[in-house]
Amino acid sequence: MPHLTTRVAIVGAGPAGLLLGWSLHRAGIDFVIVENRDREYVLGRIRAGVLEQGSVETLQRLGLGAGVEAEGMVHDGIHLQFAGERHRVDFSELIDRTVTVYGQQSVVRDLVAAHDGAGTPVFYDASDVAVHDLTGSPSLSFTHGRRAHRVDADIIVGADGFHGVCRQAVPKDALQTYVREYPFAWLGILADVEPSTDELIYALHDDGFAMHSMRSPSVSRLYVQVDPAEDVANWSDERIWDALHTRLAVPGWTLQEGPITEKSILPMRSFVVSTMNFGRLFLVGDAGHIVPPTGAKGLNSAMSDVAQLSVALVRHYAGDDTLLDAYSDTALARQWKVQQFSQWMTDMLHRRPGTDDTAAFDYRSQLGRLDYVTHSEEAMRSLAEQYTGLRLA
Ligand code: FAD
Ligand code: DHB
């Protein structure tokens, strides 16, 4: 059985695992990444689209800025739409910060290319991945190319997403989980058409939420609120475009249609685990927390965790454990602020199902909140600060 020894064994080659591995590579710290999907699947997965300014800076600091600098679309603000009117929140003017539209697929592509170029040890297409002895001498076992492998490590990092094995390997009584479900989901499409807007539009309509985002000057990304039990097969292209035309309509503006190349339904959940550290295991990204997508915080949170953990590991190997011991608390302190922002954006912009008095009250109250947020400079400044990304800790 191949038997490896390394300092940091990383489970998962999503953006969090690949970014942590690359940070450690740059710092000269040995690592191994083990991923249970094949490389093509990892490269093809379509998810988040908006990078906070701090996430862009992280990529640049790690020598990964070329792609985002060439292809990323810097946005100075967003549009919030309700009651048939569109209002702009100008981040640059309010707080001199921006966001960059650059798909998670592109971030992952850049990371995979960097790892390939450096020949780092990334095992794709592994199976039976398991972690052992988290409070003693930790190790990782997996099957690769039909052969059993074992990796002994100082530290194990769970970067294996919400459904991964690492969090589940922690004894139940050592973890507290916090969950919030939402009575709606997003149906998302990619369409081969020039975006009809130069900045993202988040809209609350009588029929529910809709959003216009983009991936490139020739690819649009759009979402509509649907029931979480909805079957994507019930949504023909024509029905999707109809819903988008209705919900995004404002006088004098036209939504351009194009061929739909991808269509899927995304569930929504808020989830946080306390603690993000058990013995020699550290969790990063979706393994430790999930947000509903409104506000685009999932990928950015994963990158923020990695930025904190990589500095802590560098200090650890220089003989100082202060940051590593504090990692869970510092990551969660930031994460709870992000959680409340994502929950706030989601609650403000989605129509609660039902025709009862509470649903009617909530809708009026949401319109009042949107009116406030788009007319109070203090409220817009707060939105801008959170949307473009809180500083670490
Ligand atoms: P992941 O990207 O989930 O990566 C985890 C990796 O671990 C995967 O490669 C997985 O294959 C691997 N893995 C899992 N189990 C094992 C195992 N047992 N052994 C080895 N490897 C394993 N966020 C936004 O901000 N905006 C969006 O529009 C948005 N859209 C999303 C759409 C979908 C369908 C989903 C699921 C998420 C979306 N997110 C969005 C969230 C965002 O994509 C995630 O927050 C981000 O991917 C987190 O990165 P991660 O590396 O922590 O986890
Ligand atoms: C995208 C997703 C989001 O959740 C969001 O708030 C903004 C943009 C996107 O996929 O482009």
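Each value, and the rule that gives it
Residues numbered from 1 in each chain as written. Chains lettered and ligands numbered in written order. Predicted model: local features only at pLDDT ≥ 70, side-chain atom pairs only at ≥ 80, totals over all residues. Heavy atoms only, no water. Domains from an automatic or database assignment. Contact = heavy atoms within 4.5 Å. Buried area = accessible area lost by both parts, 1.4 Å probe. Helix = DSSP H or I, 4+ residues; strand = E, 2+ residues; numbered from the N terminus. Core = buried A, V, L, I, M, F, W, Y, C linked by side-chain atoms within 4.5 Å. Buried < 20%, exposed > 50% of the residue type's maximum accessible area, 1.4 Å probe, protein only. Near = heavy atom within 4 Å. Polar contact = N/O pair within 3.5 Å; in protein donor to acceptor, adjacent residues only side chain to side chain. Areas by Shrake-Rupley, 256 points an atom, 1.4 Å probe, with all protein chains shown as cover. 1 Å grid on protein atoms, 1.4 Å probe; cavity = no way out; pocket = protein on both sides within 12 Å on 5 of 7 lines; lining within 4 Å. Sits in = over half its atoms within 2 Å of the grid points. Pairing = 2+ DSSP bridges. UniProt positions renumbered as here; feature names shortened; annotations may be inferred. Nonpolar A, V, L, I, M, F, W, Y, C, P; charged D, E, K, R; others polar. Points joined across faces, edges and corners; volume = space filled by probe spheres on them. Phe/Tyr/Trp six-rings, centres within 6.5 Å; stacked < 30°, edge-to-face > 60°. Lys NZ or Arg CZ within 6 Å of the ring centre and 35° of its normal.

Asks: Please give an account of the domain arrangement of the protein chain that cites residues and values.
Replies: Examined at the domain level, the protein chain breaks down into domain 1 (3-74 + 99-179 + 270-345) and domain 2 (182-268 + 353-388). Listed as interface residues are 23 residues of domain 1 and, on the opposing side, 20 residues of domain 2. Summed over both sides, the interface between domain 1 and domain 2 buries roughly 1800 Å², with carbon and sulfur atoms accounting for 68% of that surface. Contact with domain 2 buries surface across domain 1, with Ile46, Met73 and Trp344 losing the most and accounting together for 28% of the total.

Asks: Can you explain the environment of Phe341? Please cite residues and give values.
Replies: Structurally, Phe341 can be placed in helix α9 (residues 322-349). Sequence-wise, Phe341 and Tyr387 are 46 residues apart; in three dimensions their C-alpha atoms are separated by 8.3 Å. The residues touching Phe341, leaving out its near neighbours within four places in the chain, are Gly295, Lys297, Leu383, Gln386 and Tyr387.

Asks: How would you summarise the nonpolar core if you had to cite specific residues and measurements?
Replies: Within the largest apolar cluster, 69 residues are counted, with the highest numbers of intra-cluster contacts made by Val8, Ile10, Leu51 and Leu309. Counting residues per element, this core draws most heavily on helix α8 (residues 298-317), which supplies 7 residues. Sequence-distant contacts of Val8, that is, excluding residues within four places in its chain, are made with Leu24, Ile29, Asp30, Phe31, Val32, Ile155, Val157, Leu313 and Tyr317. Ranked by size, the runner-up nonpolar core spans 34 residues in total, among them Val50, Met73, Phe91 and Ala384.

Asks: Which residues make up the site of ligand 2, and what are the values?
Replies: Lining the immediate surroundings of ligand 2 are 14 residues, of which Tyr202, Ser213, Arg215, Tyr223 and Pro293 lie closest. Contact between ligand 2 and Tyr223: an oxygen atom at 2.5 Å from a side-chain N or O atom of the residue. For ligand 2, an oxygen atom lies 2.5 Å from a polar atom in the backbone of Pro293. Isolated, ligand 2 exposes 290 Å² of accessible area, and the fraction of that covered by the protein chains is 97%. Applying the majority rule of atoms within 2 Å of the grid points places ligand 2 in the largest pocket. Breaking the shell around ligand 2 down by element, the ones donating at least two residues are β15 (208-216) and β16 (219-226).

Asks: Explain the pairing of β15 to me, using residue names and the numbers behind them.
Replies: Each regular strand carries side chains that alternate between the two faces of the sheet. Counting buried residues in β15 gives 9 out of 9 residues, a clear majority hidden from the surface. As paired elements, strand β14 (residues 201-205) and β15 share 5 bridges and run antiparallel to each other. Directly across from Ala203, in β15, lies its bridge partner Ala210. Sheet topology note: the β15/β16 ladder contains 6 bridges and is antiparallel. Bridging across to β16, His212 finds its partner in Leu222.

Asks: Break down the pairing of strand β5 (residues 77-82) for me, with residues and values.
Replies: Burial analysis of β5 places 6 of its 6 residues in the buried class, the great majority of the element. Both faces of β5 are covered, namely the face carrying Gly77, His79 and Gln81 and the face carrying Ile78, Leu80 and Phe82. Of the pairings in the sheet, the one linking β5 to strand β6 (residues 85-90) comprises 6 bridges and is antiparallel in character. In the sheet register, Ile78 faces β6, and the bridge partner there is Val89. Between β5 and β6, which pair antiparallel in sequence order, lie 2 residues; one of them, Ala83, sits at a positive phi of approximately 50 degrees.

Asks: Explain the UniProt feature "domain: FAD-binding" (unreviewed entry) in the protein chain to me, and be specific about the residues and the numbers.
Replies: The feature "domain: FAD-binding" (unreviewed entry), as annotated in UniProt, sits at residues 6-342 in this numbering. As a span, residues 6-342 carries 32% helix and 33% strand, and end to end its C-alpha atoms are 37 Å apart.

Asks: Which residues make up the site of ligand 1, and what values go with them?
Replies: The full set close to ligand 1 counts 29 residues, and Glu35, Arg45, Arg47, Gln104 and Asp286 are the nearest of them. Arg47 places a polar side-chain atom, nitrogen or oxygen, 2.9 Å from an oxygen atom of ligand 1. For ligand 1, an oxygen atom lies 3.1 Å from a polar atom in the backbone of Gly298. Within the complex, 86% of the 990 Å² of free accessible area of ligand 1 lies under protein. More than half of the atoms belonging to ligand 1 lie within 2 Å of the grid points that define the largest pocket. Those elements that place two or more of their residues in the shell around ligand 1 are α1 (15-27) and α8. A per-element tally of the shell around ligand 1 places α8 first, with 3 residues. Its residues assigned to classes, the shell around ligand 1 comprises 14 nonpolar, 8 polar and 7 charged.

Asks: Tell me about the layout of surface pockets, and please be specific about residues and values.
Replies: In this structure, the largest pocket occupies an estimated 1400 Å³ of space. Those elements that place two or more of their residues in the lining of the largest pocket are α1, β15, β16, β17 (260-266) and α8. For the lining of the largest pocket, the two domains that each supply at least three residues are domain 1 (3-74 + 99-179 + 270-345) and domain 2 (182-268 + 353-388).

Asks: Describe in detail the packing of aromatic side chains, supporting the description with residues and values.
Replies: For the coordinates displayed, the defined rule picks out 11 aromatic pairs. Judged by centre distance (6.1 Å) and plane angle (35 degrees), the rings of Tyr182 and Phe184 are tilted. Grouping residues by exposure puts Tyr182 and Phe184 together as buried. Within the aromatic cluster, the residues linked to one another by ring pairs are Phe91, Trp186, Tyr202, Phe209, Tyr223 and Tyr387. The ring centre of Tyr387 lies 5.7 Å from the NZ or CZ of Lys297, which sits over that ring. One Lys or Arg, Arg351, reaches over the ring of Tyr363 and ends 3.7 Å from the middle of that ring.

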